Amino acid sequence: MTDPQTPTHEIRHFIAGEWTGTPTRERRNPARPDDLVAVIADGDAKTVDAAVRAAEEAQPAWAALPAPARGTVLLDAAEILRSRAERAARDLVREEGKTLAEARGEVRRAIDVLRFYGGEAWRLGGDHLPSSVPGTFVYTRREPLGVVAVITPWNFPIAIPAWKTAPALAAGNAVVLKPAELTPVSVKHLADCLTEAGLPAGVLNVVNGPGSEIGDDLTGDPRVAAVSFTGSVAVGRHIHSVVSARHARVQLEMGGKNPLVVLDDADPATAARIAAAGGFGLTGQACTASSRVITTPGVHDAFVAALLKEADRYRPGDGLAEGTVMGPVVSEPQLATDRRYLDLAAQEGGQVLCGGARPEGLYQAPAVVTGVHPEHTIAREEIFGPVIGVLTADDLDSAIDLANDVPFGLAAGIVTRDLGAAHRFAARVQAGVVKINRPTTGLDLNVPFGGVKDSSTNTYREQGSTALDFYTWTKSVYVGFED
Ligand code: NAP
Ligand code: MG
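Residues numbered from 1 in each chain as written. Chains lettered and ligands numbered in written order. Predicted model: local features only at pLDDT ≥ 70, side-chain atom pairs only at ≥ 80, totals over all residues. Heavy atoms only, no water.

Describing the sheet that holds strand E17 (residues 387-392)
Read from one edge to the other, the open sheet built from seven strands follows the order E15-E16-E17-E14-E13-E19-E20, with strand pairing classed as mixed. In the strand order of this sheet, the two ends are held by strand E15 (351-354) and strand E20 (433-436), each with one partner. Taken over all neighbouring pairs, the strand axes of this sheet differ in orientation by 20° on average, direction set aside. In this sheet, E17 lies alongside strand E14 (residues 290-295) in parallel orientation, the contact comprising four bridges. Its bridge partner being in E17, Ile294 is matched across the sheet by Leu391. Running at roughly 170° to strand E19 (residues 411-415), helix H13 (residues 419-428) makes contact with strand E13 (258-262), E19 and E20 of the sheet. (Pairing = 2+ DSSP bridges. Helix = DSSP H or I, 4+ residues; strand = E, 2+ residues; numbered from the N terminus. Axes fitted to C-alpha atoms, helices over the stretch in contact; angles between N-to-C directions. Contact = heavy atoms within 4.5 Å.)

Overview of the packing of aromatic side chains
Within this structure, the stated rule accounts for nine aromatic pairs. Ring geometry for Phe137 and Phe481: centres 6.4 Å apart, planes at 55°, overall tilted. Here the residue Phe137 occupies a position in strand E7 (residues 136-144), and Phe481 occupies one in the segment after strand E22 (472-480), the gap between them amounting to 344 residues. Judged by centre distance (5.2 Å) and plane angle (80°), the rings of Tyr460 and Phe470 are edge-to-face. Pair noted here: Tyr460 is in the loop between strand E21 (452-453) and helix H14 (467-470) and Phe470 is in helix H14, with a separation of ten residues, a long-range link. Classification of Tyr460 as partly exposed rests on a relative accessible area of 22%. Through a chain of ring-to-ring contacts, three or more aromatic side chains come together here, namely Phe137, Tyr139 and Phe481. We note Arg340 situated over the ring of Tyr341; from NZ or CZ to the ring centre the distance is 4.9 Å. (Phe/Tyr/Trp six-rings, centres within 6.5 Å; stacked < 30°, edge-to-face > 60°. Buried < 20%, exposed > 50% of the residue type's maximum accessible area, 1.4 Å probe, protein only. Lys NZ or Arg CZ within 6 Å of the ring centre and 35° of its normal.)

Some remarks on unusual backbone geometry
A positive phi angle, near 60°, is found at His247, a position not held by glycine. Although it is not a glycine, Leu282 sits at a positive phi angle of roughly 60°. In this fold, Leu282 is placed in the loop between helix H9 (268-279) and E14.

A look at the pairing of E17
Burial analysis of E17 places five of its six residues in the buried class, the great majority of the element. With three bridges joining them, strand E16 (residues 367-370) and E17 adopt parallel strand pairing. Following the sheet pairing, Val369 is matched in E17 by Gly389.

Some details on the packing of helix H1 (residues 45-64) against helix H7 (residues 211-219)
Where H1 meets H7, the axes come as close as 9 Å, and the angle between the chain directions of the two elements is 35°. Where H1 crosses over H7, the handedness of that crossing is right-handed. Residues Ala45, Val48 and Val52 of H1 touch H7, and the partners they reach there are Ile214, Asp217 and Leu218. Looking at side-chain class alone, the contact of H1 with H7 contains five nonpolar, no polar and one charged residues. (Left-handed = near helix turned anticlockwise from the far one by under 90°. Nonpolar A, V, L, I, M, F, W, Y, C, P; charged D, E, K, R; others polar.)

Description of the domain arrangement of the protein chain
Along its sequence, the protein chain is carved into domain 1 (9-254 + 456-477) and domain 2 (258-436). When each unit is reduced to the centre of its C-alpha atoms, the spacing between domain 1 and domain 2 is 31 Å. Contacts between the two partners involve 20 residues from domain 1 and, on the opposite side, 23 residues from domain 2. It is Pro30, Thr99 and Trp154 in domain 1 that bury the most area against domain 2; as a group they hold 26% of the surface buried on that side. Our count for the contact surface shared by domain 1 and domain 2 stands at one salt bridge. Arg32 is the partner of Asp318 in a salt bridge, and the nearest nitrogen-oxygen pair spans 3.8 Å. Here domain 1 is connected to domain 2 by four residue pairs in polar contact (both at pLDDT 80 or more). Among the secondary structure elements, those contributing two or more residues to the side of domain 1 that touches domain 2 are helix H3 (85-96) and helix H4 (100-122). For the side of domain 1 that touches domain 2, the leading source of residues is H3, giving four residues. Tallied by class, the residues present in the side of domain 1 that touches domain 2 amount to nine nonpolar, three polar and eight charged. (Domains from an automatic or database assignment. Buried area = accessible area lost by both parts, 1.4 Å probe. Salt bridge = Lys/Arg side-chain N within 4 Å of Asp/Glu carboxyl O. Polar contact = N/O pair within 3.5 Å; in protein donor to acceptor, adjacent residues only side chain to side chain.)

So, in structure tokens, the structure goes:
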């Protein structure tokens, strides 16, 4: 593992049940440049074409299987992943930089997701409805779409591929999955488990390579009936233009600038713990990260003092080392982005109270910036690092106005003991997920998830039973049983 020349994994494309391609691109552990995690084959238009063709050929037989048989494959894959969970978690730490505890939690989530949709396949039913015509009844069937493309980001390298792929497969679709170029190893674990569980060749295909080079080949392919994407707004917008131009179905879940409101009646230490978990946990590299805290004036100073104490606890280190609570930043460009936003924060008049020093290695210490105004760049743009900007608002209503004063609408939180204030916030805040006295990060897999405004296409929700809506269409069947 420490030999800088010998990669642990050779990552190829997975097409029609075969791993193909010549690995050339390196991925190194962001905590330890001498740890060569993988060499990866980068695909091109021909690779995408072969993957889509394999999916198209395999899909009808997969869809023709009884849905419980499809569910059984997912349930068996969950057990296989469970048996190698520790290996998958350690690889996840090495390719993405999470802490081992975070990675174990994410692999556990992928296992549970496979189980959940394994069960959903057994329940995959429609409705039956009364007909206005005598001697007739009506029922609906959920039909798979055919071939679907799944495009995923690096920040949850196994959970997001699992929560998109599992419902797609449960519903009888075939999948072409394009993982983020930084994190293909976790997807290999997922594909291996599904294959060993008996998923027929061609039902899941994986194509690796930079999205900027092969993305359009995949999203623009007329044989691809739908595209499910999670990632940045800029890439999502581009994908939307490609997919909607050919009138195919598209689901985009994108970035956030998630507010956490702290009201005067909150306990400052509790609020700081919630803010730090949401803002510094996962190295701030979560779409639901708390990146804006909006306090009312009475709690501001005590909250900031408590938050600085929390920041002290989130000292970054190698995710595999005992006791590390925060891992490295995923890549050099992401670290440069974090640094650029902190420089801008200071230039625009914010006070960078911690995290301002230039780090060694790919580490960014948790940063707290006070005196942030709504027009400051760090109050408006997603950073995707462990940076919390603190704003103030006179009262609950102006805090809600501030919370809503960005183009994003993914997650929003409030810390208060006032039940009325909490419900007022939940009703008025523009966000797909609202957390009361809980960090903005962290989701239950059986609960619908997605954003509003620029954070999402906001047409279909992911996760829970709702996820199946995106991957199916409804056919209505009229049955005459009496003349
Ligand atoms: P990204 O840069 O948008 O990339 C996401 C995926 O799209 C990657 O697989 C990427 O490939 C691919 N891609 C790039 N250009 C493409 C193109 N022209 N056509 C098709 N695919 C293309 O996002 P990221 O940096 O991986 O992840 C961070 C972002 O994800 C943040 O904005 C975060 O908020 C968001 N996110 C949102 C959620 C949510 O549920 N709302 C959850 C997690 C993360 P490459 O890796 O090869 O570039
Ligand atoms: Mg990116």
